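# Summary of the model geometry
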Amino acid sequence: MNVLRGTVKKDMSPIEAAVNYLKHKISPPQLIIGVFLVLIFFGTILLSMPFSSSTGHSVGLLNALFTAVSAVCVNGLIVIDTGTAFSVIGQVVIMLLIQVGGIGFMTVGVMVAILLGKKIGLRERLIIQHTTQSTSSQGLVKLSMYMVLIVFILESIATLILTFRWQDEMGLGQAAYYALFHSVSAFNNAGFALWSDGLAQHVGDPVVNMTILILFIVGGLGYIVIVDIFRKRSWRKLSTHSKIVLVSSALLTVAGFLLLFLLESWNSVTFGPLGFWERVQAALFQSLTPRSAGFNTIDIGSMLAVSQFLLIIYMFIGAASGGTGGGIKINTLFVLLLATINTFRGGGQIHAFKRRISQETVNRALAVVISSLTCVLLVTLVLTITEDMLEDHFLEVLFEATSAFSTTGMSMGLTQDLSPAGKIIVAITMFVGRLGPLTLAFALSQKKTTSKIGYPEDNVLIG
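Residues numbered from 1 in each chain as written. Predicted model: local features only at pLDDT ≥ 70, side-chain atom pairs only at ≥ 80, totals over all residues. Heavy atoms only, no water.

### A closer look at the overall build of the chain
The following threshold applies: Note on conventions: DSSP H or I runs of at least 4 residues are helices, E runs of at least 2 residues are strands, and numbering of each starts at the N terminus. Should any heavy atoms of two residues lie within 4.5 Å, those residues are counted as being in contact. Areas reported here follow the Shrake-Rupley algorithm with a probe of radius 1.4 Å; residue values treat only the protein chains shown as occluding.
Assigned secondary structure in the chain consists of 19 helices and 2 strands. Taking the intrachain contacts of the chain between residues at least 6 apart in sequence as the baseline, contacts between residues at least 24 apart amount to 69%. By element, 66% of the accessible surface of the chain is carried by carbon and sulfur atoms, the whole surface being about 23,100 Å².

### Focus on the packing of aromatic side chains
Condition: Side-chain rings of Phe, Tyr and Trp, where Trp is taken by its six-membered ring, are said to pair if the distance between their centres is within 6.5 Å; with planes under 30 degrees apart they count as stacked, over 60 as edge-to-face, and otherwise as tilted.
Inspection of every chain in the model, using the stated rule, returns 9 aromatic pairs. Grouping aromatic residues by their ring pairs yields a cluster made of Trp-166, Tyr-177, Tyr-178 and Trp-195.

### Points about the environment of Thr-380
Using the following cut-off: Exposure classes here rest on a 1.4 Å probe applied to the protein chains alone. A residue is buried below 20% of its type maximum, exposed above 50%, and partly exposed in between.
Tracing the chain through its elements places Thr-380 in helix H16 (residues 359–386). Of the residues examined, Thr-380 reaches a relative accessible area of 4% and is grouped as buried. Along the chain, Thr-380 and Glu-396 lie 16 residues apart, while their C-alpha atoms are 9.6 Å from each other. Not counting chain neighbours up to four residues away, the residues in contact with Thr-380 comprise Phe-394, Val-397, Leu-398 and Ala-401.

### Looking at the environment of Ile-217
Tracing the backbone shows Ile-217 in helix H10 (residues 206–221). Placed 74 residues apart in sequence, Ile-217 and Arg-291 show a C-alpha to C-alpha distance of 9.2 Å.

### Some thoughts on the layout of surface pockets
The test is simple: Here a cavity denotes a set of grid points, spaced 1 Å apart and computed over the protein atoms alone, in which a 1.4 Å probe fits but from which it cannot get out, and a pocket denotes an open set meeting protein on both sides within 12 Å along at least five of seven lines; residues with an atom within 4 Å of a point are reported as lining. Grid points are joined across faces, edges and corners, and a volume is the space filled by probe spheres set on the points. By the convention adopted, Pro, Cys, Tyr, Trp, Phe, Met, Ile, Leu, Val and Ala count as nonpolar, Lys, Arg, Asp and Glu as charged, and the other residues, Gly among them, as polar.
Taken as a whole, the second largest pocket encloses approximately 480 Å³ of empty space. Residue lining of the second largest pocket: 27 residues in total, with Ile-78, Ser-196, Gly-198, Asn-296 and Ser-411 positioned closest to the centre. When the residues that make up the lining of the second largest pocket are grouped by side-chain class, the tally is 12 nonpolar, 12 polar and 3 charged.

So this is what it looks like as structure tokens:
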């Protein structure tokens, strides 16, 4: 018990002492990783049970592990079909993993603590700050309550809309279940669907398209932005982060829509059978979904190579910080673009919307991009070896690696043909992509060290 000195009270049980010790000795990033691993572990056990399978036989430990990782990390890549391979129990387990993984376990914990009348301590606030990527530790409990309220309202409304839309096709009970599953999956940017072809059969359905679109757009913008809009209701009063996210998202959406509409209009397989308004809906949907939603209304594998490469770029960029999406984050890209433009103009302060952006922010953005790019390229290289891919399938492997890292969940068809080694590699990539390279780096690093030696400055040639 000497090890626990200072962290253990006399009246504590051994279990309480151990929990209290871990709370004080494990950093927030390490705790986040640990909880994610625990969720994946229990998810794997439950999904590997016979009652989770539609056949009554286990889907296999590796398939269950891959699915659990994909659900907790709100990715959406699948090695077995969700709608046919899993029973209703298995699908509900997947849905719960998506919800907890998307909204954040700490947010759920805060709401439980509030309901039980317990206080939220400083350490819990720091963990919430890290999971929500908030810049301040103030108002985090209220932010968590807003997050839960936003999730409940939007998912409930979407479930009602989709239930009414599908009840004539499948009956009220099944329609309500399908509506709830896809609402949870869409808001959390997970991309899991109960149809084998995703949402392809709804490519021309404006109700389904707009409902799913609104859900994963709101989830991808991030809770901080949504709460900021709700509280201030004025463009002038919005934070710089919110303005950057909203402007960047709008620009990317318009550019992606126009490019995909023009490119795929030449494709007789994808846009060929569609009318004008169906093409408009398909182009809009597919310009937004690669930024981490993972759904598809057209066959990704049948798209033109240039369109597929555009989706890879969009997947790598991803959604906004603090949201349910992945990627390097759109605000990260915006900051780096500002820094690049500023360098071309001769340097000076980097600013946006009359606010200065610190050099530390630029350095972190650069670290995120470089580490993320390194991860994607490394995974692509390894998958090319393990999956014995020919040269003409390289784009398919790059697409898979980017989708896994960015937690997008779209695939050109490689996922279900992965070897056991490939499944493990992609599962690890999804985990790393969800938590972020910097979170892993902070969690694994020891205490910060400052060099006591000052070195003379010298010039290094660049470019």
